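# Structural overview
Chain residues, written in single-letter form:
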Amino acid sequence: MLASRGGVAITHPTNTQVAGWRTPAIVLACGGMVLMVSIGTRQTFGLFLPPMTFDLGWSRETFGFAIALQNIVWGLGQPFAGAIADKFGAARVIASGGIAYALGLVLMAYSTTGLAFDVSAGILVGLGLSGTGFGVVMGVVGRAAPADKRSAALGLVGAGGSFGQFAMLPYAQTLISHFGWLSALLVLAATSLMIIPLASALAGRNVAAHTSDQSLTAAIREAAAHKGYWFLTLSFMVCGFQTLFVMIHLPAYLVDQGMTPTDGMTALALIGFFNIVGSYACGLLGGRYSKKKVLMWLYGVRAVAITLFIALPLSSYTLWGFAVTMGLTWLGTVPLTNGMVAQIFGVKYLSTLFSIAFLGHQIGSFLGAWYGGLMFDLTGSYTTVWIFCAALSVVAAALCAPIDERDVTGLRPTEAKA
Amino acid sequence: MIRQTHRPLLWIVLAALLAYVTYLSFKAYLGPDFLIGYANMFSC
């Protein structure tokens, strides 16, 4: 890594031109904190459902529709946010996302109609998440880190998002309990404004943009023609399906099976905590071993964990074992998938290409939440969905096997390597 | 910039802070607010 002197802009040996204080460690720390706030805040919205629907006389469907809309806007908006960040720099996109996020939270607090809630919680917060989520932030970190440390860096910044998911939930619950849901939303809005100063650390010219003449359209076409990109996106879709199914339906499943609330909350806390460890560990492993092999192991471990969970008699111990294993593999897919996109296609359009794959993850999330509920309504139990989840893990592992991880940037005929 | 000698201290402070936040989070997850919310999640 090159040292900087007196705030003079220097060309980093990787792919971002950095000035003075924006060292890779600062980029990593600030990127992790942006994800902590943005992904963590999003995790808390379920806590607002009971008090808001009760006070405002809304149905759960009104609340649920806005959150579903938010996920769609996030998934669809992220490739565009990624493309803008790749072309014009990430800092403005992240800062704009932070403003949209804060504005959305403030307007959520003052929404009295379903439509206003759709605009605030659905569209504005969804746009905020597009600008401040994994795609844009990991693109910057992926470019700032040297190739041999990229996977570990992505794991570490992903662990920031995981920590947010774990810690923001009790933070929001404490705010709601002490100050009420309206004030809690305003405090969360103020918290999300932290993203704006943090974004300044993620500024920097995308040097890869100037060493390769590949256009955005050509990059998307290249990725679309690469079978591995499709396999990676499909396996990422499986990840989305499984995680959202477990997140939404596990509590209901445990209640059905006669487990106590303490067992259920312990399981959710264990998933949250071990998700932090797992994100970083998967990033580290991806830097040391073949990323597709680590992904295959990850999905394989999930398949075994789910199978044992439904096959063995349910007890606190089997539940905690399942929660720890799922936590360790929860968001570990993110640094591995992002790292593999960077490894195959280079980092010039990393935010865009990862964000498109992430759209697959979000579609999987939607299907996981919906299919779980549908099958429960049709069959009266979750057994079919658990079996389907385990089978999907095997499919995801099989999808990763044929991915050609080799760098394609050197194969482009008329341009310099990105 | 942080001096080389201060770096271990910074890591110790950060690790202690993270451990404290983790402890508070676990405690909150198993606190009455969350447990009551969890118990009522499917009955209202």
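Conventions adopted
Residues numbered from 1 in each chain as written. Chains lettered and ligands numbered in written order. Predicted model: local features only at pLDDT ≥ 70, side-chain atom pairs only at ≥ 80, totals over all residues. Heavy atoms only, no water. Helix = DSSP H or I, 4+ residues; strand = E, 2+ residues; numbered from the N terminus. Contact = heavy atoms within 4.5 Å. Lys, Arg positive; Asp, Glu negative; His and termini not counted. Charge placed at Lys NZ, Arg CZ, Asp CG, Glu CD. pLDDT = per-residue confidence, 0-100. Expected span 1.5 Å × (residues − 1). Buried < 20%, exposed > 50% of the residue type's maximum accessible area, 1.4 Å probe, protein only. Axes fitted to C-alpha atoms, helices over the stretch in contact; angles between N-to-C directions. Parallel < 35°, antiparallel > 145°, perpendicular 65-115°, else oblique. Left-handed = near helix turned anticlockwise from the far one by under 90°. Salt bridge = Lys/Arg side-chain N within 4 Å of Asp/Glu carboxyl O. Polar contact = N/O pair within 3.5 Å; in protein donor to acceptor, adjacent residues only side chain to side chain. Buried area = accessible area lost by both parts, 1.4 Å probe. Phe/Tyr/Trp six-rings, centres within 6.5 Å; stacked < 30°, edge-to-face > 60°. Patch = residues over 30% accessible without salt bridge, like charges linked within 9 Å, V, L, I, M, F, W, Y side chains within 5 Å. Areas by Shrake-Rupley, 256 points an atom, 1.4 Å probe, with all protein chains shown as cover. Core = buried A, V, L, I, M, F, W, Y, C linked by side-chain atoms within 4.5 Å.

### Here's the deal with the overall build of chain A
A count of helical and extended segments in chain A gives 18 helices and three strands. Projected onto its principal axes, the C-alpha coordinates of chain A cover approximately 60 × 45 × 35 Å. Counting only contacts in chain A whose residues sit at least 6 apart along the sequence, the fraction spanning at least 24 positions is 83%. Taking the average place of the 21 positive charges on the side chains of chain A and the average place of its 14 negative ones, the gap between the two points comes to 13 Å.

### Description of the confidence of the model for chain B
Looking at chain B, the pLDDT average stands at 75 and 70% of residues meet or exceed 70. Predicted complex metrics record ipTM = 0.75 and pTM = 0.83.

### Section: helix α16 (residues 333-345) of chain A
Residue and element names in this part refer to chain A. Here α16 is 13 residues long and its end C-alpha atoms lie 18 Å apart, about the 18 Å a rise of 1.5 Å per residue gives. Most of α16 is tucked away: twelve of the 13 residues are buried. Residues of α16 that are buried: T333, V334, P335, L336, T337, N338, G339, M340, V341, A342, I344 and F345. Downstream of α16 by one or two residues, G346 has phi in the positive range, about 85°.

### As for the packing of α16 of chain A against helix α17 (residues 350-379) of chain A
Residues and elements named next belong to chain A. Remark: α16 packs on α17, axes separated minimally by 10 Å, with the N-to-C direction vectors making an angle of 130°. Taken together, the axes of α16 and α17 are oblique relative to one another. Of the two possible hands of crossing, α16 and α17 adopt the one that is right-handed. Mapping the contact onto sequence places V334, T337, N338, V341, A342 and F345 in α16 and L350, L353 and F354 in α17.

### Observations concerning the pattern of salt bridges
Residue and element names in this part refer to chain A. Overall, the coordinates contain two salt bridges over all chains when judged by the stated rule. Note that D86 and R143 form a salt bridge whose closest N and O atoms lie 3.1 Å from each other. Linking D86 in helix α3 (residues 60-88) with R143 in helix α6 (residues 134-144), this pair joins segments that are 57 residues apart in sequence. R406 is paired through a salt bridge with D404; the nearest N and O atoms lie 2.8 Å apart.

### Observations concerning the side chain of T191 of chain A
All names here are of chain A. Looking at the secondary structure, you find T191 in helix α8 (residues 181-192). Polar side-chain contacts of T191 include one of 3.1 Å to the side chain of Y171. When residues no more than four places from it in sequence are discounted, the contact partners of T191 are V37, M168 and Y171.

### Topic: the interface of chain B and chain A
Of the residues lining the interface, 16 residues belong to chain B; the matching set on chain A comes to 22 residues. Here chain B meets chain A over a buried area of about 1900 Å², counting both sides, of which 79% is carbon and sulfur. Run the count over chain B and chain A and you get zero salt bridges. There are one residue pair in polar contact (both at pLDDT 80 or more) connecting chain B and chain A. A per-element tally of the side of chain B that touches chain A places helix α1 (residues 7-29) of chain B first, with seven residues.

### Quick look at the packing of aromatic side chains
All names here are of chain A. Evaluation of the coordinates by the stated rule reveals 26 aromatic pairs over all chains. Ring centres 5.2 Å apart and planes at 55° place the aromatic pair W74 and F358 in the tilted group. Taken together, the residues W74 in helix α3 and F358 in helix α17 connect sequence positions 284 residues apart. The class of W74 is buried, set by a relative accessible area of 2%. Judged by relative accessible area, F358 falls into the buried class, the value being 2%. Ring geometry for Y371 and F388: centres 5.2 Å apart, planes at 50°, overall tilted. On the criterion of sequence distance, the pair formed by Y371 in helix α17 and F388 in helix α18 (residues 383-400) is long-range, its members being 17 residues apart.

### Topic: a nonpolar patch on the surface
Residues and elements named next belong to chain A. Together, I363, F366, L367, W370, L374 and L378 make up a nonpolar patch on the protein surface, roughly 580 Å² of accessible area in all. Mapped onto the fold, L367 is located in helix α17. L367 sits in the partly exposed class, given a relative accessible area of 30%.

### Looking at the environment of A28 of chain B
Counting through the fold element by element, A28 of chain B comes out in helix α1. Residues within four places of A28 of chain B in sequence aside, it is in contact with P170 of chain A together with F34 of chain B.

### Topic: the nonpolar core
Of all hydrophobic cores here, the largest spans 124 residues; its most connected members are F48 and W386 of chain A. Residues in contact with F48 of chain A, not counting those within four places in the same chain, are T53, F63, I176, W181, A184, L185 and L188 of chain A.

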